[in-house]
Amino acid sequence: MSAIADNLQAVRIRIATAERLYGRPTGSVQLLAVSKTKPLADVLAARAAGQTAFGENYVQEGVEKCRTSAGQALEWHFIGPLQTNKTRPVAENFAWVHSIDRLKIAERLSAQRPPELPPLQVCVQVNVSGETSKSGCAPATARDLCHAVATLPSLRLRGLMAIPEPSDDFAAQRRPFRQLRELLEQLRAEGLPLDTLSMGMTHDLEAAIAEGATLVRIGTAIFGERNYA
Ligand SMILES: *Cc1c(COP(=O)(O)O)cnc(C)c1O
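The structure contained in this document is the topic of the report that follows. These numbers were taken from a predicted model, which means no experiment stands behind them.

Scoring rules and cut-offs
Position labels on residues start from 1 in each chain and follow its written sequence. Note on the predicted model: pLDDT of at least 70 is required for a residue's local features to be given, and 80 or more for side-chain atom pairs to be given and counted; whole-chain, interface and lining totals, by contrast, use all residues. To obtain the side-chain values, all non-hydrogen atoms of the structure were included, while hydrogens and water were left out. Under the DSSP-based scheme used, a helix requires at least four consecutive residues in state H or I and a strand at least two consecutive residues in state E, with every element numbered from the N terminus. Based on C-alpha atoms, the radius of gyration is set beside the globule rule, defined as 2.2 Å times the residue count to the power 0.38. Accessibility here uses a 1.4 Å probe with only protein chains present; expressed as a share of the type maximum, an area under 20% marks a residue as buried, one over 50% as exposed, and anything in between as partly exposed. What makes two residues a contact is simply this: any of their non-hydrogen atoms within 4.5 Å. Using a 1.4 Å probe, the Shrake-Rupley method yields the accessible areas, and only the shown protein chains count as cover for residues. We count Lys and Arg on the positive side and Asp and Glu on the negative side, and we leave His and both chain ends out. Taken as the charge location is NZ of Lys, CZ of Arg, CG of Asp or CD of Glu. Throughout this document, a residue counts as near a molecule or strand when at least one of its heavy atoms sits within 4 Å of that molecule or strand. Polar contact is defined as a pair of N or O atoms within 3.5 Å, subject to the rule that within protein one atom must be able to donate a hydrogen and the other to accept it, and that residues adjacent in sequence are counted only when both atoms are side-chain atoms. Whenever Lys or Arg places a side-chain nitrogen within 4 Å of a carboxyl oxygen from Asp or Glu, that contact is recorded as a salt bridge.

## A few points about the overall build of the chain
Across its full length, the chain holds nine helices and eight strands. A compact globule built from 229 residues would reach a C-alpha radius of gyration of about 17 Å, and the chain, at 17 Å, matches this within 12%. Counting only C-alpha atoms and orienting by the principal axes, one finds that the chain spans roughly 45 × 40 × 35 Å. Counting the 229 residues in the chain, one finds 47% classified as buried. Across the chain, contacts joining residues at least 24 apart in sequence account for 59% of those joining residues at least 6 apart. Summing over all exposed atoms, the chain offers an accessible surface of approximately 10,400 Å²; the carbon and sulfur share of this is 51%. A distance of 3 Å separates the average location of the 26 positive side-chain charges in the chain from that of its 24 negative side-chain charges.

Take a look at the structure:
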């Protein structure tokens, strides 16, 4: 087995163990492999080990990987910050966008989604830890944004996403994830048919699963440390 196949297996075991420990149904947490900065060869090594859903943060790099892997039956998720002038290639190439943080972005993605493709699956990103430097909408505006996004014709609103501040304390890790889950429950009670909580990364996936994550976004534990040089 390749190192990536070994790493993937270890992550699958972490997810299954957390599902058992926190009373989550087996298989209820989907794994998104975050391949940003990593070559397509690494993506294909993970594909050979059974991984089909991949996440990318940067528009140019992500679109390039979408295009060069066409025909491999991969599902590409855009999870990074998105500017209005970069929405078109994302609308044309990705299956999911997790990082909707304002209506303008969602409106452009809906208008630019090619009609022959299925609706773009989207999550609204919420800044649950209240840190000013991080992206995501304020929790107080998330409700109105979700109701507006849900009406756009070429998008399908699936749920919420968050990237809380890193912490080594398990209880502190759980707090923002719980906040996101409670917000999702409120929106569901208001009639939005949401099924996705995109939360949890390499260092906090157990805390996210304990609080109801349905999709964890894992990079380092699968592909190793990223080299930005
Ligand atoms: C890079 C990134 C991840 C993966 O982080 P790791 O700590 O490497 O698992 C997940 N989500 C987002 C939005 C990211 O940018």
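On we go.
## Here's the deal with the environment of Gly62
Relative to the assigned elements, Gly62 resides in helix H3 (residues 59–68). Separated by 27 residues in the primary sequence, Gly62 and Ser35 have C-alpha atoms spaced 8.9 Å apart.

## Notes on the site of the ligand
All residues in the neighbourhood of the ligand are listed as Val34, Lys36, Asn57, Ile79, Ile163, Met201, Thr202, Arg217, Ile218, Gly219, Thr220 and Arg226. At 2.7 Å from an oxygen atom of the ligand is found a side-chain nitrogen or oxygen belonging to Lys36. A distance of 2.5 Å separates an oxygen atom of the ligand from a polar side-chain atom of Thr202. Relative to its free-state accessible area of 390 Å², the ligand is covered by the protein chains to the extent of 92%.

## Structural notes on the side chain of Ser35
Within the secondary structure, Ser35 is located in the loop between strand E1 (30–34) and helix H2 (40–48). Judged by relative accessible area, which is 0%, Ser35 ranks as buried. In terms of polar contacts, Ser35 uses its side chain to reach the side chain of Glu56, at 2.7 Å. Sequence-distant contacts of Ser35, that is, excluding residues within four places in its chain, are made with Val43, Phe54, Gly55, Glu56, Glu61, Lys65, Trp76 and Phe223.

## Here's the deal with unusual backbone geometry
Positive phi is not limited to glycine here, since Thr37 has a value of about 70°. The residue Thr37 is located in the loop between E1 and H2 in this model. Exposure remark for Thr37: the relative accessible area of 26% places this residue in the partly exposed category. Look at Ala73: it is not a glycine, yet its phi comes out positive at around 55°. The residue Ala73 is located in the loop between H3 and strand E3 (75–78) in this model. Residue Ala73 is classed as exposed on the basis of its relative accessible area, which comes to 59%.

## With respect to the pattern of salt bridges
Applying the stated criterion across every chain yields a total of twelve salt bridges. Here Arg102 and Asp101 are joined by a salt bridge, their closest N and O atoms 3.1 Å apart. Among the charged side chains, a salt-bridge network with shared partners connects Arg174, Arg178, Arg181, Glu185 and Glu211.

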